[in-house]
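# Understanding the architecture of this molecule
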Amino acid sequence: MSRHRILTVVLLALATPALAAQSDTMSKSTSEVLPFESVEKTLPNGLKVLVVPTPFPNLVSLYINVRTGSRNEVEPGKSGFAHFFEHMMFRGTEKFPNERYQEILTKAGASNNANTWDDRTIYHMTFAKDDLETMLMLEADRFQNLAYSVEDFKTEARAVLGEYNKNSANPISKLFEVQRDTAYRVHTYKHTTMGFLRDIEDMPNQYEYSKTFFDRWYRPEYTTVMVLGDVDPQRTIELVEKHWAGWERGDYRVEVPAEPAPGGPEYAHVAWESQTIPWVTVAFHAPAFAEKPKEFAALDVLLSLWFGPTSDLYKKLVEQEQVVDSLSAFYPPREDSTLATILSRVKKTDDAKYVRDEILKTVAKARTEPVERQKLEDAKSNARYGLAAGLDNTDAIADLLAEFAHYERAPIATINRLYRTAETLTPEDLLAAAKSTFTDARLVVTTLSHGELPRETSTIPAIDSLAPPPATGAGELKLIVRKTQLPQLNVKLLFDVGSAHDPEGKEGLAMLAASMVSEAGSKAMRIDEITRALFPIAGRFGAQVDREMTTFTGSIHRDNWERFFDIVLPQLLDPGYRQEDFERLKDAQKNALIQNLRANNDEELGKERLQYQVFRGTPYAHPPVGTEAGIDSITLDDVRELIRSHYARGNLVIGLAGDVPDGLEARLRAEMAKLPAGATPAPKVSPRRPEGLVVEIVDKPTRAVAISLGFPIEVTRAHPDFPALSVARAWLGEHRSSMSHLYQRIRETRGMNYGDYAYIEAFPRGMFRFYPDPNIARSAQIFEIWIRPVVPVNAHMALRIATHELEKLVRDGLTREQFETAREYLTKNVYVLTSTQNQQLGYALDSDWYGIPEYTRYMRDALSKLTRQDVNRAIRKHLQANSAFVVIIADDAEGLKDALVSDRFSPIEYDADKPAELLAEDKAIGARKLDIDPSDVTITPVDEVFRE
């Protein structure tokens with residue numbers, strides 16, 4: 001059962017009527033869980049029968065739950081038999097041997113299978129309703145009359161060993177096997193459903209015991225027969241009685257060994273012989289579902305909120321730092337205390353300890369910080385509607401009930417009770433569950449790797465030692481303070497929301513919402529009044545919107561900070577929302593798209609269109625300014641809703657820099673605590689990967705040709721290869737720097753244009769900036785080469801030169817001199833990037849977002865340890881020359897397309913004499929084949945760019 005399934009089960013009643021279970025009667029209730037009628041009956045022999053008519057015509061699902069699993073395997077040397085009988089039950093009976101059994105199923109067009117877990121075994125089949133009695137008779141026969149010879153037994157025992165061997169090739173199977181063996185001392189959960197390997201290997205010698213096991217557990221008092229589908233309940237009950245009532249009740253009971261109180265932390269490592277990337281699991285002995293359903297439900301929700309795909313940890317490890325490619329939590333419902341496991345697959349062995357500690361830090365936070373009430377309600381809502389969406393066939397409904405049928409053999413009553421308790425969950429309940437479960441004594445850490453992990457991985461730190469410092473001020477607000485002696489204060493309010501959160505068809509909403517805060521006044525003051533009020537104190541307040549960030553930046557002298565905040569904070573906390581301001585800003589934003597970007601700025605247009613090509617189909621595809629249709633469709637109510645739902649405390653980080661006066665931090669905390677609770681999930685961004693050169697030519701009347709080319713890379717600022725790739729980027733094409741190689745080869749040597757640069761991070765507005773603005777952090781990046789406009793006759797050649805130089809870099813790497821020069825430049829240039837107080841604050845916020853140390857220290861430390869080999873390895877790993885998206889802004893689009901696809905020679909003429917060596921190089925590059933397929937070249941009229 002999926003980790004999140006238990007919550008979805010119990011909360012569906014918030015949206016639907018429910019299924020009430022009453023013995024021998026038909027009922028319909030509005031206070032329970034599923035919107036179907038049901039009949040339940042317990043036969044005199046102890047067999048439990050559940051019939052549920054469903055609104056799907058002609059089909060029936062028959063699910064048989066036997067309350068036996070690996071938990072029941074108490075005798076030493078006899079593990080694996082519950083799973084063994086999942087196989088053996090298909091061997092047939094004297095009346096219906098396997099061949100005859102399969103023949104009947106085939107003729108009926110039926111599907112059937114089975115599965116075993118710790119506490120139960122489920123057999124299930126789906127078929128046409130006309131065959132209901134046949135299937136009930138067939139199943140009754142094999143449950144009551146299973147027959148197999150010694151030879152059949154030994155054959156199937158070897159098949160089970162084959163399944164174990166198959167699973168043994170999967171590292172996660174071995175990881176869980178070792179985890180369970182380490183976590184438990186005497187309880188039968190110590191072995192997995194497959195059983196201990198030594199017992200599986202000995203299984204062919206256990207023929208007589210197999211009969212004993214079957215005789216004990218395959219009895220009516222341990223079995224629930226569920227029939228769901230297009231059936232008549234009373235007639236179905238009669239058929240079950242006809243074929244199953246004669247099954248004889250047994251009298252066997254088992255005492256499962258009680259597990260002593262855990263005495264962790266425990267650690268185990270699996271050395272994997274073949275190639276694999278590492279796994280790290282952090283698990284805790286957790287309450288049994290059967291005994292403590294409320295604690296179980298609370299802990300299940302807790303795991304989802306702290307470690308699921310909407311959690312801060314997922315965002316940090318998977319999306320931002322990208323050190324982990326899989327993070328999830330698993331907490332199955334069990335009759336006895338089981339393991340709640342946080343599972344991560346780590347990309348590099350060196351990061352295993354770091355990932356483990358980040359998980360434990362989050363565990364420590366979960367012990368001390370209650371979740372926001374709105375987050376809890378959102379989780380309930382997601383679960384409610386997620387389950388409703390999945391119950392679209394009889395099998396899905398049967399599968400859901402079957403997972404609970406072994407609990408008192410009353411799945412409906414069990415689910416109903418769980419609903420009533422889960423509905424009442426509060427943040428305090430979740431916090432209590434974390435405090436009781438997330439302890440050192442209950443902790444089990446398991447790792448698996450091919451190579452050696454960092455030595456410290458085997459030393460498990462105390463959870464409390466990783467707890468965050470006590471919060472101060474109001475709520476969960478986070479402040480980053482950089483105190484200096486400067487009297488000028490810089491204030492940043494950074495929200496984790498940007499254009500990637502624009503609703504479909506409302507592209508540009510995040511930017512328009514930010515403008516309505518920073519440029520449209522508050523309820524108390526119109527924007528012209530605010531402008532006049534800020535004039536004498538030289539106060540400034542503005543907004544910047546990127547894909548995942550909206551940043552409001554204020555600047556004021558410390559003497560005037562109180563007056564400043566009296567004026568500007570109401571713009572955020574109590575916006576004016578005047579229709580005339582909305583129309584003014586909406587028109588301005590549309591003009592910024594049509595005039596400033598599309599009509600007047602070929603270079604920025606090309607760069608944004610390249611982003612579109614790489615991220616087409618994702619929330620990153622459109623520029624923050626939006627699209628024509630998107631801007632047109634935005635209403636003032638849309639703005640209100642985005643601000644209400646996304647400008648929340650969970651999205652906010654506050655930055656302060658300067659000679660911060662007493663009282664300022666407390667004022668900001670108190671004011672921002674007025675924002676609603678909650679947080680916005682990070683956008684899901686999966687870039688496209690080109691095959692060959694994929695070209696879009698934007699057909700536009702223009703004197704020169706602007707070229708942008710690039711492709712997605714996994715490297716963000718948090719990636720281990722970021723410093724190394726930064727060295728390569730700086731050498732190849734440092735922005736506005738004559739030291740860069742592309743600048744030298746295209747502009748200086750050949751005089752073809754104004755400049756040529758390369759990037760590994762987005763650099764919007766690059767034609768207006770010498771250095772990138774902070775607070776444009778992104779979880780997905782591209783490598784890009786920007787060729788500032790060339791004359792049309794040289795466009796083809798410029799593209800060839802750029803790909804030629806990139807190809808040389810990938811093939812040859814950097815020489816020692818090139819490496820040392822670029823590294824030394826970056827080591828010192830990081831101080832230039834953060835030379836102003838505002839930049840220092842912005843980079844501090846970005847470092848917090850990426851989860852890295854302070855930027856200058858992070859880069860200088862990493863650069864000092866870099867080798868030329870590290871850089872060249874990163875180049876070969878992340879860069880390529882012959883597969884890229886290319887966006888070209890050009891006048892003669894058809895002529896350029898013809899030149900590109902024909903791959904004809906690119907001549908270049910100079911006004912001055914050039915060395916013979918350069919002319920020879922030009923001849924070779926001019927003939928360089930780009931191999932562009934005609935189908936990979938599209939022409940887009942400029943008026944259609946970012947229209948929709």
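Cut-offs applied
- Residues numbered from 1 in each chain as written.
- Predicted model: local features only at pLDDT ≥ 70, side-chain atom pairs only at ≥ 80, totals over all residues.
- Heavy atoms only, no water.
- Helix = DSSP H or I, 4+ residues; strand = E, 2+ residues; numbered from the N terminus.
- Rg over C-alpha atoms; globule rule 2.2 N^0.38 Å.
- Contact = heavy atoms within 4.5 Å.
- Pairing = 2+ DSSP bridges.
- Axes fitted to C-alpha atoms, helices over the stretch in contact; angles between N-to-C directions.
- Phe/Tyr/Trp six-rings, centres within 6.5 Å; stacked < 30°, edge-to-face > 60°.
- Buried < 20%, exposed > 50% of the residue type's maximum accessible area, 1.4 Å probe, protein only.
- Lys NZ or Arg CZ within 6 Å of the ring centre and 35° of its normal.
- Parallel < 35°, antiparallel > 145°, perpendicular 65-115°, else oblique.
- Left-handed = near helix turned anticlockwise from the far one by under 90°.
- Nonpolar A, V, L, I, M, F, W, Y, C, P; charged D, E, K, R; others polar.
- Salt bridge = Lys/Arg side-chain N within 4 Å of Asp/Glu carboxyl O.
- Core = buried A, V, L, I, M, F, W, Y, C linked by side-chain atoms within 4.5 Å.
- Patch = residues over 30% accessible without salt bridge, like charges linked within 9 Å, V, L, I, M, F, W, Y side chains within 5 Å.
- Areas by Shrake-Rupley, 256 points an atom, 1.4 Å probe, with all protein chains shown as cover.
- pLDDT = per-residue confidence, 0-100.
- Lys, Arg positive; Asp, Glu negative; His and termini not counted.
- Charge placed at Lys NZ, Arg CZ, Asp CG, Glu CD.
- Arc of directions from axis to C-beta.

### Remarks on the overall build of the chain
Per the secondary structure count, the chain includes 33 helices and 22 strands. The globule rule puts the C-alpha radius of gyration for 948 residues at 30 Å, and the 33 Å found for the chain is close to it. In terms of principal-axis extent, the alpha carbons of the chain reach across some 100 × 70 × 55 Å. Expressed as a percentage of contacts within the chain between residues at least 6 apart in sequence, the contacts between residues at least 24 apart total 82%.

### What about the sheet that holds strand β12 (residues 478–483)?
Reading across from one edge, β12-β16-β13-β15-β14 is the order of the five strands in this open sheet, with mixed pairing throughout. The open sheet has two free edges, formed respectively by β12 and β14 (540–545), since each of these has just one partner strand. Pairwise comparison of adjacent strand axes, ignoring direction, gives a mean angle of 15 degrees for this sheet. Bridge count between strand β13 (residues 488–495) and strand β16 (residues 652–658): six bridges; the pairing is antiparallel. Bridging from a neighbouring strand, Phe 495 pairs with Leu 652 of β16.

### Overview of the packing of aromatic side chains
For the structure on display, the rule yields 42 aromatic pairs. Arranged with centres 5.3 Å apart and planes meeting at 85 degrees, the rings of Phe 84 and Phe 85 form a pair that is edge-to-face. One exposure class covers both Phe 84 and Phe 85, and it is buried. The interplanar angle of 85 degrees and the centroid separation of 5.4 Å between the aromatic rings of Trp 217 and Tyr 252 together place this pair among those described as edge-to-face. With Trp 217 in helix α8 (residues 207–217) and Tyr 252 in the loop between α9 (233–244) and β7 (266–271), this pair connects stretches of sequence that are 35 residues apart. In this arrangement the basic side chain of Arg 609 is found over the ring face of Phe 946, its NZ or CZ atom lying 5.2 Å from the centre.

### Description of the packing of helix α17 (residues 509–518) against helix α20 (residues 579–599)
Viewed as axis vectors pointing N to C, α17 and α20 meet at an angle of 135 degrees, and their least axial separation amounts to 10 Å. In terms of orientation, α17 lies oblique with respect to α20. Two packed elements cross with a definite hand, and for α17 against α20 that hand is right-handed. For the pair α17 and α20, contact is made by Met 511, Leu 512, Ser 515 and Met 516 and by Asp 581, Phe 582, Leu 585, Lys 586 and Gln 589, respectively. Counted by class, the contact of α17 with α20 contains five nonpolar, two polar and two charged residues.

### Points about helix α24 (residues 664–672)
Turning to α24, its buried residues number three or more, namely Leu 664, Arg 667, Leu 668, Arg 669, Glu 671 and Met 672. Here the buried face of α24 lies against β12, β13, α19 (561–573) and β16.

### Regarding the pattern of salt bridges
Inspection of the entire model under this criterion finds 72 salt bridges. Between Asp 152 and Arg 91 there is a salt bridge, with its nearest N and O atoms 3.7 Å apart. Here the residue Asp 152 occupies a position in helix α5 (residues 150–168), and Arg 91 occupies one in the loop between α2 (81–88) and α3 (98–108), the gap between them amounting to 61 residues. Under the relative-accessibility criterion, Asp 152 is labelled partly exposed at 26%. For Arg 91, a relative accessible area of 26% puts it in the partly exposed group. Salt bridges sharing common partners tie together Arg 745, Arg 750, Glu 805, Lys 808, Glu 921 and Asp 922.

### So, the sheet that holds strand β6 (residues 223–229)
The six strands are arranged β1-β2-β6-β3-β5-β4 in an open sheet whose pairing can be described as mixed. Edge positions in the open sheet fall to β1 (39–42) and β4 (111–116), since each of these has one partner strand only. Across the sheet, the mean angle from the axis of one strand to that of its neighbour is 15 degrees, orientation sign disregarded. On top of the sheet, α2 reaches β4 and β5 (121–128); it is set at about 170 degrees to β4, its chief contact.

### Describing the nonpolar core
Considering soluble globular proteins, one finds that nonpolar side chains tend to be buried as a cluster. By size, the foremost hydrophobic cluster in this structure holds 76 residues, and its most contacted members are Ile 707, Phe 783 and Ile 785. Setting aside anything within four residues of it in sequence, one finds Phe 783 in contact with Leu 709, Gly 710, Phe 711, Ile 713, Leu 732, Ala 758, Tyr 759, Ile 760, Leu 806 and Leu 879. Counting 57 residues, the second largest nonpolar core, distinct from the first, contains Leu 138, Tyr 148, Val 160 and Met 194.

### Quick word on a nonpolar patch on the surface
A cluster of nonpolar residues, Phe 770, Tyr 771 and Val 832, forms a patch on the protein surface that exposes about 280 Å² of accessible area. On the secondary structure map, Tyr 771 appears in the loop between β19 (756–759) and β20 (781–790).

### Description of the environment of Asp 922
Assignment of secondary structure puts Asp 922 in helix α33 (residues 916–926). A relative accessible area of 5% places Asp 922 in the buried class. For the pair Asp 922 and Gly 92, spaced 830 residues apart in sequence, the C-alpha to C-alpha distance is 79 Å. Setting aside anything within four residues of it in sequence, one finds Asp 922 in contact with Arg 750, Met 797, Phe 905, Ile 908 and Tyr 910.

### Notes on the confidence of the model for the chain
Scored by pLDDT, the chain has a mean of 88; 92% of the residues are at 70 or more. In this model residues 1–31 is a low-confidence stretch, pLDDT under 50, and it forms 114 contacts with partners more than four residues away in sequence or in other chains. Counting contacts from residues 470–475, a segment whose pLDDT is below 50, to residues more than four positions away or on other chains yields four contacts.

### Focus: the environment of Val 517
Here Val 517 lies in helix α17. The spacing of Val 517 and Pro 575 is 58 residues in sequence and 6.1 Å in space, taken between C-alpha atoms. Excluding its chain neighbours within four sequence positions, the residues that come into contact with Val 517 are Phe 541, Phe 552, Gln 571, Leu 572, Ile 643 and Tyr 647.

### Here's the deal with a negative patch on the surface
Judged by side-chain charge, Asp 699, Asp 891, Asp 892 and Glu 894 come together as a negatively charged surface patch. In this structure, Glu 894 sits in helix α32 (residues 893–902).

### Re the pairing of strand β3 (residues 59–66)
Here β3 lies mainly inside the structure; seven of its eight residues are buried. Summarising the sheet, β3 and β5 pair through eight bridges and their orientation is antiparallel. By the bridge assignment, Leu 62 is partnered in β5 with Met 125. Here β3 runs beside β6; their pairing, made up of seven bridges, is antiparallel. By the bridge assignment, Tyr 63 is partnered in β6 with Met 226.

### Details of the side chain of Glu 671
Examined against the element boundaries, Glu 671 turns out to sit in helix α24. Excluding residues within four positions of it along the chain, Glu 671 makes contact with Leu 569 and Leu 573.

### As for the packing of helix α4 (residues 132–145) against α9
In the contact formed by α4 and α9, the axes pass within 9 Å of each other and the chain directions differ by 30 degrees. As α4 packs across α9, the resulting crossing turns out to be right-handed. Contacts from Leu 132, Glu 133, Leu 136, Met 137, Glu 139, Ala 140, Phe 143 and Gln 144 of α4 reach α9 at Arg 235, Thr 236, Leu 239, Val 240, Lys 242, His 243 and Trp 244. Among the residues making up the contact of α4 with α9, the classes are represented as eight nonpolar, three polar and four charged.

### Remarks on the pairing of strand β18 (residues 705–713)
Extensive coverage of β18 is indicated by the burial of nine of its nine residues. For β18 and β20, the ladder comprises eight bridges, and the chain directions are antiparallel. By the bridge assignment, Phe 711 is partnered in β20 with Phe 783. The sheet contact formed by β18 and strand β21 (residues 884–890) spans five bridges and is antiparallel. Bridged to Ala 706 within β21 is Ile 889.

### Regarding helix α18 (residues 527–534)
Burial in α18 covers these residues: Ile 530, Ala 533 and Leu 534. Along the axis of α18, the buried residues cluster in a sector spanning 95 degrees; they form a single face. Here the buried face of α18 lies against α19.

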